[in-house]
Amino acid sequence: MCGIVGIYYKNKELNTQLGTMLASMLVQMSERGPDSAGVAVYRNTVHPSKTKLTLHAADPEYDWDGLGKLLAASLAADVEVKVRVSHAVVVTNAPLQELREWLGSNCPDVRVMSAGSTIEIYKEKGTPREFVDRFHLQDIHGSHALGHTRMATESAITTQHSHPFSTGLDLCLVHNGSLSNHNRLREQLQREGIEFQTDNDSEVAAGYLMWQLHQGASLKQALGSAINDLDGFYTFAVGTRNGFAVLRDPIACKPAVMAENDDWVAMASEFRAIAQLPGVEQATVWEPSPATVYSWGSE
Amino acid sequence: MSEQNPLRPSATFPLGVLAEIHRAADQGMYEIRGFGTKRSLPNFDDLLFLGASMSRYPLEGYREKCATDVTLGTRFAKKPIELKIPITIAGMSFGALGANAKEALGLAATQIGTSTTTGDGGMTNEERESSKTLVYQVLPSRYGLNPDDVRRADALEIVVGQGAKPGGGGMLLGQKITERVAQMRDLPEGIDQRSACRHPDWTGPDDLEIKIQELREITDWQIPIYIKIGATRVGYDVALSVKAGADVIVLDGMQGGTAATQDVFIEQVGIPTLPALRMAVDALKELGMHRKVQLIVSGGIRTGSDIAKALAMGADAVSLGSAAMVAMGCNKPVYLEDYQKLGTEPGYCHHCHTGLCPVGIATQDPDLESRLSPEMGARLLRNYLTTLTLEVQTLARACGKSHILNLEPEDLVALTIEAAAMARIPLAGTNWIPGD
Amino acid sequence: MTEFDLATDSVRALNQSLHDSPQGHWRVSHPDGRHCIAAGVDAPVEIAIQGHVGYYCAGMNKQADIMINGSAGPGVAENMMSGSVRVSGNVSHCAGASSHGGLLVVEGDASARCAISMKGADIVVGGSVGHMSAFMAQTGRLVICGDAGDYLGDSIYEAVIYIAGKVGELGADCIEKEMTPEHLKSLKDLLTAAGVAADPGEFRRYGSARRLYNFNIDHASDY
C-alpha cells in the first residue's frame, strides 16, 4: 500500500519548480509509504538519434565512468554518463536493443530503470525524506513527474520492487492498491513477449499497458481496457513522454485527489500532499470518478 | 449386507457429501452453522516438549516460581494492559451469545486477572461491569460502536478478519435478532443480518494507519490498539499491521470458531494456527518487533499444552473462544432431548446459529438462558482457566523456565513431517526441518 | 474564542484541548488536509475550520456543531452520534459512515458510499452523491438534492432516501416508494434544519423492498 503523487505543468515556465513541488508532495506521503520511494521525472529530452537510460547499481561505489567508457568502446557509440547517487543517466546513440543486450551480458549488477528520450526514474529503499535529501530532488527541473512512497504489501522491499514501473519507452506507472488477478495475467503477458523483473502486482499493470500500446491502442484505450482486464483495487497514475493520466477501478476504495489551475495539474492519494503547492488556492480540487480515464498532454 | 456383497462407500462421495448435496438441492442455500472447523488439521498435538534432563534442570513446584504475567500494548499506549495469565477471552458478540454468558465470561476473567473482548454487536453494560479489562472490537459492521463505549474500553481491537472466515463479515440469523439485539445493532427484529466484509471507511493498511490515528486521537492515545486478522497471508498481514501502527496483533487460525457462517467458509478458507503462528513470529522478528508488538494467537486453543507450545513458538498470549464456551457447558451431555430436537448429540453439536443452544450459551431465549447463570458460568470458566494455567506452569517448570515467556522453539520437537514443516520445529529424533 | 493554527499547532494539541476544556467557540485555521481534526469531541461547542480537511474530520462527533469552510476527505463525521457537521465544499468517500445521529450537511457533492452503513443520522447533500451511497444503510435519512451514482441503497435496511435528481442503476433490494404527506413533512423539516432551499415536492423516496430480510431462494440472484 502506498502514496502516489503526480504533477504536470501547463505553464512551462514553472518547470524549474518541479523538484521542489515533487519533493514536498512525496514527503507528505511518508506515512502511507515508509519503506521506499521513487520518482519518474520527464526532462532534458534527448536528440531523436539518441536514447536516454536510467541505470541503477546496488554498489554505492559503482564505477559508472568505467561503464560509460567500456560501452562507448564496445558499441562504437557516443556515451554521456551523469551520476545521481545510486543511479546513472546514460545518453547514447547506440541502438536500444544492442544496449540492453550489452548491459545484460556485461553488467549483471546494473538494472535498467527506464528507457526513452525524456524519462528518468530514480527509486531507493528508505523514507521519502531520505530519498528527497539523497537525490537532491529540489534541483531537478522538468515538465512533469510522478512519485510513489511504498508500504510493501505482498512483494519484498527492494529497489527493484519499488514504483514507478516502466515497461516501455517514456512510459511509467505508479499504483496505490492491490490487484487480485495479476499472477495469471503476468503469465499471459510473458507469453506475449513482455518481460518482468519482479513478482510485484504493479509491474503487471505496467506490462499490461505496454502490451496494449504495442497492439496499437492509445493510452486512453489501454486504460479503458484495463478496467475490464485488471481485477482488484487501484488508483493508477501513468506518465508518458508528453503527458499523464489517472485511473481508478470501478469500486474506487483507494483514495485519489486531483487539483488543477491555469499553471498545473496535480494528483495525490491525500489532499495534504497538494495543500502546500503554490497556487493551490486558485485550483479546482476534485475527486476523480471511478472507471474514468483522466488524461493531460498528448499520448 | 453379506461378505459376498459388501457395501462399498465412495471416498469421493461419502455419506456426508451425499447428504450435503441432497440438502443443497432441497434448499437452494449454502449450509450455515456455528463452531469451528471440524476437519483434522496439523495442530499443537503434533509437537512435544523436551523436558529437563542431564543438561537442563527443572524447577520445583510452588516455591520456585514460574511467573505467568503478560503486558500487552507497550508500543504506543500510555496504559498498557497487564494480565495475570497469558490467556484472554476472544471476541464473541452479544447476540451470538446471550447476556448471561457474556457476563459469566467477564466475571471469570476479572476473578482470574485477564481480559474479555466484545464482539460483532457492541458492548453491553453487563460485560463492561463484570469484566475488569475489556477489549472493544471495531468491526466492518460497526454495530453498536459509539464513542462512549470507546472511551470506557481498556483497549480497542480493529477486526480485519477472523479465522473461521477470513474475508467474510458477521452473520446472525433472524431467530436470534431479538428486541434487545435489534436495538443494539440498529436492525429490524427477526431479520437475517447481512454483514459487510470490509470496513465502511477504510480499505488497505495505508488508510488503516489513518483510522488507527483517529481512534488514538479519540482516546487521547491512552489505550492499546489491537489489529485482529484471520490467518491467510500471515507474513504480509503482520508486517502491514506493524506498519499501520498496531500495539498488539491478534492472529486467529482457521480453527477459530464462529456462531454462524457458511460451512464452506469455515472448512475451506484460511490456514491452520500452527503455521500461522510461526509465520507471524518470523514477520515480527524480521521487523525487530517480536515482543515489542505483542502477538495473541487464537484458533483451536484447547489445553495448557496448546498454550505452552504457542508461547514457546513466540506468542505473547493466547485467546480462547470455543474452548471458553465448552468450559461453560457447550456440548456437555445434559438436556439430551434438546440436542436431539436440533438433530444432533452432545459432542457433535455446532448449532449455535439456531439460537437453541441446549446449555443456554449461544441463545437469546430466556428459558434456555436460565440454564446458565452468570455465577455458575464464571465458576466453570475460572476453574478451566486455572487448570490451563497450572498446566502451562507444569510444562514450563519441566523445561526449567521461571517465566512462561521464556519457553522457546528449541524446547519443542515435532511428531509429523507436516507439523515440522509448518512450525519449523525439527522432527523428533532428527535435526530435520522439511524445506530447509 | 479559542484559536488553533495548524500551521504551528498540532492536531493532537487541538484535539486534547477539545477533549479537556471544551467551551464556547473554536476557530481552526490552516488545516491543509490534515487528518482526524476535531475527532472525538463530546461537548456542545462550536468549531469553525477554515480550509480543507483530510480524513475522519469530526469522527465520532457528539454534541458539537462543526463547520468546515472547505472540502473534506474520506469519512467526514463517521460514526457521529449527535450534534452537526456542515461542509461548504465537497466531501470524499464514506461521508457520514455508520453515523448514529446528528445532522451532516454537505453543500457540494459527496463521492462514493455516502451514508454507508448509516445507523440513524440525517445526511443532507446539496449536490450529487457517488456510487454505492446508502450501502447497507440501516436507519436514518439521506437527502440528495442532485443525482445519485449507480447502486444507490444497495442492501439497504430501513433507512430512507429522498432524491430530487437522477438515479443510476439501483442497488439490490432498493426500490422507489410512495411519498406520503408524512414523508413530505419529514423531508421539509429536514431541509429546513439543514438550511437547504429545495422544494420537497421535487423529491422521490427510495427504500428497502425487504426481500433480503430472510433468505428466499427466489431472490438468490440478488446476493
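What counts, and at which threshold
Residues numbered from 1 in each chain as written. Chains lettered and ligands numbered in written order. Predicted model: local features only at pLDDT ≥ 70, side-chain atom pairs only at ≥ 80, totals over all residues. Helix = DSSP H or I, 4+ residues; strand = E, 2+ residues; numbered from the N terminus. Rg over C-alpha atoms; globule rule 2.2 N^0.38 Å. Buried ≥ 20, exposed ≤ 12 C-beta atoms within 10 Å, placed from the backbone. Contact = placed C-beta atoms within 7 Å. Domains from an automatic or database assignment. Nonpolar A, V, L, I, M, F, W, Y, C, P; charged D, E, K, R; others polar. Pairing = 2+ DSSP bridges. Core = buried A, V, L, I, M, F, W, Y, C linked by C-beta atoms within 7 Å. Axes fitted to C-alpha atoms, helices over the stretch in contact; angles between N-to-C directions. Parallel < 35°, antiparallel > 145°, perpendicular 65-115°, else oblique. Left-handed = near helix turned anticlockwise from the far one by under 90°. Expected span 1.5 Å × (residues − 1).

Engineer: In this structure, what is going on with the overall build of chain C? I would like to understand it.
Structural biologist: Helix and strand counts for chain C come out as two helices and eleven strands. Ordered by position in the sequence, the α and β elements of chain C form the string β-α-β-β-β-β-β-β-β-β-β-α-β. Here chain C has a C-alpha radius of gyration of 18 Å; the compact-globule value for 223 residues is 17 Å, and the two agree. Taking the principal axes of the C-alpha coordinates as reference, chain C spans close to 60 × 35 × 25 Å. Burial statistics for chain C: of 223 residues in total, 58% are counted as buried. Considering only contacts within chain C whose residues lie at least 6 apart along the sequence, 21% involve residues at least 24 apart.

Engineer: Which parts of the structure should I look at to understand the overall build of chain A?
Structural biologist: Summing up its helical and strand segments, chain A has eight helices and 16 strands in all. Computed over C-alpha atoms, the radius of gyration of chain A comes to 18 Å, within 12% of the 19 Å expected from 2.2 N^0.38 for 299 residues, which places it in the range of a compact globule. In terms of its C-alpha atoms, chain A occupies a principal-axis envelope of roughly 55 × 40 × 35 Å. Among the 299 residues that make up chain A, the fraction classed as buried is 52%. Partitioning the contacts of chain A with sequence separation of at least 6, the portion at a separation of at least 24 is 72%.

Engineer: Looking at this structure, how should I read the domain arrangement of chain A?
Structural biologist: By a widespread convention, an interface's size corresponds to the accessible area lost as its parts come together. Residues and elements named next belong to chain A. In terms of domain boundaries, chain A breaks down into domain 1 (2–45 + 122–296) and domain 2 (46–117). Here domain 1 and domain 2 have C-alpha centroids that lie 24 Å from each other. Contacts between the two partners involve 15 residues from domain 1 and, on the opposite side, 13 residues from domain 2. If one sorts the elements of the side of domain 1 that touches domain 2 by residue count, strand E7 (residues 119–125) sits on top with three residues. When grouped by side-chain class, the residues that make up the side of domain 1 that touches domain 2 number five nonpolar, five polar and five charged.

Engineer: Help me understand the pairing of strand E14 (residues 264–268) of chain A in this model?
Structural biologist: Both faces of the sheet carry side chains from a regular strand, because those side chains alternate between them. All names here are of chain A. In terms of burial, E14 is a largely internal element, five of the five residues being buried. Of the two faces of E14, both are covered, the one formed by Trp264, Ala266 and Ala268 as well as the one formed by Val265 and Met267. Following strand E13 (residues 257–260), the chain reverses through three residues before pairing antiparallel with E14.

Engineer: Honestly, the interface of chain B and chain A in this entry has me stumped. Any pointers?
Structural biologist: Listed per partner, the contact involves ten residues of chain B and 14 residues of chain A. Elements supplying a minimum of two residues to the side of chain B that touches chain A: helix H6 (205–218) and helix H7 (234–244) of chain B. For the side of chain B that touches chain A, the leading source of residues is H6 of chain B, giving four residues. Across the side of chain B that touches chain A, the residue classes break down as three nonpolar, two polar and five charged.

Engineer: How should the interface of chain B and chain C be read in this particular structure?
Structural biologist: Listed as interface residues are 23 residues of chain B and, on the opposing side, 39 residues of chain C. Secondary structure elements with two or more residues in the side of chain B that touches chain C: helix H4 (147–151) and H6 of chain B. Partitioned by chemical class, the residues of the side of chain B that touches chain C number eleven nonpolar, four polar and eight charged.

Engineer: Could you clarify how one ought to interpret the environment of Ala182 of chain B in this entry?
Structural biologist: Residues and elements named next belong to chain B. Looking at the secondary structure, you find Ala182 in helix H5 (residues 179–185). Among the residues examined, Ala182 registers 19 C-beta atoms within 10 Å and is labelled partly exposed. With near-sequence residues (within four places) excluded, Ala182 lies in contact with Ile177, Leu187, Pro188 and Glu189.

Engineer: Any chance you could explain the nonpolar core here in plain terms?
Structural biologist: Across soluble globular proteins, you tend to see nonpolar side chains buried next to one another. In this structure, Ile249, Leu251 and Ala280 of chain B are the most contacted members of the largest nonpolar core, which totals 294 residues. In terms of residue count, helix H9 (residues 273–286) of chain B provides more of this core than any other element does, eight residues in total. No fewer than three residues from each of domain 1 (2–45 + 122–296) and domain 2 (46–117) of chain A sit in this core.

Engineer: What is the right way to look at the environment of Leu342 of chain B in this model?
Structural biologist: Residues and elements named next belong to chain B. Counting through the fold element by element, Leu342 comes out in the loop between helix H12 (336–341) and helix H13 (366–369). Taking the C-alpha atoms as reference, Leu342 lies 9.0 Å from Cys357; in sequence the two are 15 residues apart. Each residue touching Leu342, except ones within four places of it in the same chain, is listed here: Cys349, His351, Thr354 and Leu356.

Engineer: What am I meant to see in the sheet that holds strand E9 (residues 165–168) of chain A here?
Structural biologist: Residue and element names in this part refer to chain A. Taken together, the five strands give an open sheet; going across it, the order is E9-E10-E11-E12-E16, and neighbouring strands pair in antiparallel fashion. The open sheet has two edge strands, E9 and strand E16 (294–296), and neither has a second partner. With direction set aside, neighbouring strand axes in the sheet form an average angle of 20°. As judged from the five bridges shared by strand E11 (residues 232–239) and strand E12 (residues 244–248), these two strands associate in the antiparallel manner. Paired with Ala237 across the strands is Val246, a residue of E12. Sheet strands in contact with helix H6 (residues 201–214) are E9, strand E10 (171–179) and E11, and its direction is about 130° off that of E10.

Engineer: What's the story with the sheet that holds strand E8 (residues 155–159) of chain B in this structure? I'm lost.
Structural biologist: One key point about sheets: their strands pair by backbone hydrogen bonds, in either a parallel or an antiparallel sense. Residues and elements named next belong to chain B. Pairing is parallel in the open sheet, where eight strands are placed in the order E5-E15-E14-E12-E11-E8-E7-E6. The open sheet has two edge strands with one neighbour each: strand E5 (87–89) and strand E6 (115–117). Across the sheet, the axes of successive neighbouring strands diverge by a mean angle of 25°, strand direction being ignored. With four bridges connecting them, strand E7 (residues 133–138) and E8 associate as parallel partners. Counted as the bridge partner of Tyr136 is Leu156 from E8.

Engineer: Is there a simple way to think about the packing of H6 of chain A against helix H7 (residues 219–229) of chain A in this case?
Structural biologist: For any two helices packed against each other, the geometry comes down to the angle between their axes and how far apart the axes lie. Residues and elements named next belong to chain A. Running from amino to carboxyl end, H6 crosses H7 at an angle of 125°, the nearest separation of the two axes being 9 Å. Classed by the angle they form, the pair H6 and H7 counts as oblique. In the crossing of H6 with H7, the sense of the turn from one axis to the other is right-handed. Where H6 approaches H7, its residues Tyr208, Leu209, Gln212 and Leu213 are matched on the opposing element by Ala222, Ser225, Ala226 and Asp229. Partitioned by chemical class, the residues of the contact of H6 with H7 number five nonpolar, two polar and one charged.

Engineer: Where do I start with the packing of helix H10 (residues 304–312) of chain B against helix H14 (residues 374–398) of chain B in this structure?
Structural biologist: All names here are of chain B. Relative to each other, H10 and H14 sit at 55°, their axes nearing to 8 Å. Classified by the interaxial angle, the pair formed by H10 and H14 is oblique. Considering the relative orientation of H10 and H14, their crossing is right-handed. Contact residues: H10 offers Gly304, Ser305, Ile307 and Ala308, while H14 offers Thr387, Leu388, Leu390, Glu391, Val392, Leu395 and Ala396. Considering only residue class, the contact of H10 with H14 consists of seven nonpolar, three polar and one charged.

Engineer: What am I meant to see in the environment of Arg100 of chain A here?
Structural biologist: All names here are of chain A. If you trace the backbone, Arg100 turns up in helix H3 (residues 96–106). Residue classification places Arg100 among the partly exposed residues on the basis of 16 C-beta atoms within 10 Å. C-alpha of Arg100 to C-alpha of His141: the two residues are 41 residues apart in sequence and 27 Å apart in space.

Engineer: I keep staring at helix H1 (residues 15–27) of chain B and nothing clicks. Help me out?
Structural biologist: Side chains that are three or four residues apart share a direction in an α-helix, a result of its 3.6 residues per turn. For H1 of chain B, with 13 residues, the first-to-last C-alpha span of 18 Å sits near the 18 Å given by 1.5 Å per residue. Burial runs low along H1 of chain B: only zero of the 13 residues are buried.

Engineer: How do you make sense of H6 of chain A when you look at a structure like this?
Structural biologist: All names here are of chain A. Under the 1.5 Å per step criterion, the end-to-end length of H6 is 20 Å for 14 residues, consistent within 8% with the ideal 20 Å. Here H6 lies mainly inside the structure; eleven of its 14 residues are buried. Taken as a whole, H6 has its buried residues at Asp201, Ser202, Glu203, Val204, Ala205, Ala206, Gly207, Tyr208, Leu209, Met210 and Trp211. Where H6 is buried, its residues meet E9, E10, helix H5 (182–191), H7 and E11. Directly beyond the C-terminal end of H6, a positive phi value near 105° is found at Gly216.

Engineer: It is not clear to me how unusual backbone geometry should be interpreted in this structure. Could you clarify?
Structural biologist: Of all residues except glycine, most have a negative phi; of all peptide bonds, most are trans. Each neighbour pair has its own omega, and for His163 of chain A with Pro164 of chain A the value is 5°, a cis peptide bond. Despite not being glycine, Val85 of chain A has its phi angle at roughly 60°, a positive value. Topologically, Val85 of chain A is positioned in the loop between strand E4 (79–84) and strand E5 (87–92). Phi at Gln63 of chain C takes a positive value of approximately 75°, unusual for a residue other than glycine. Its place among the elements puts Gln63 of chain C in the loop between strand E3 (46–50) and strand E4 (65–69). Taking the number of C-beta atoms within 10 Å as the measure of exposure, Gln63 of chain C has 15 and is therefore partly exposed.

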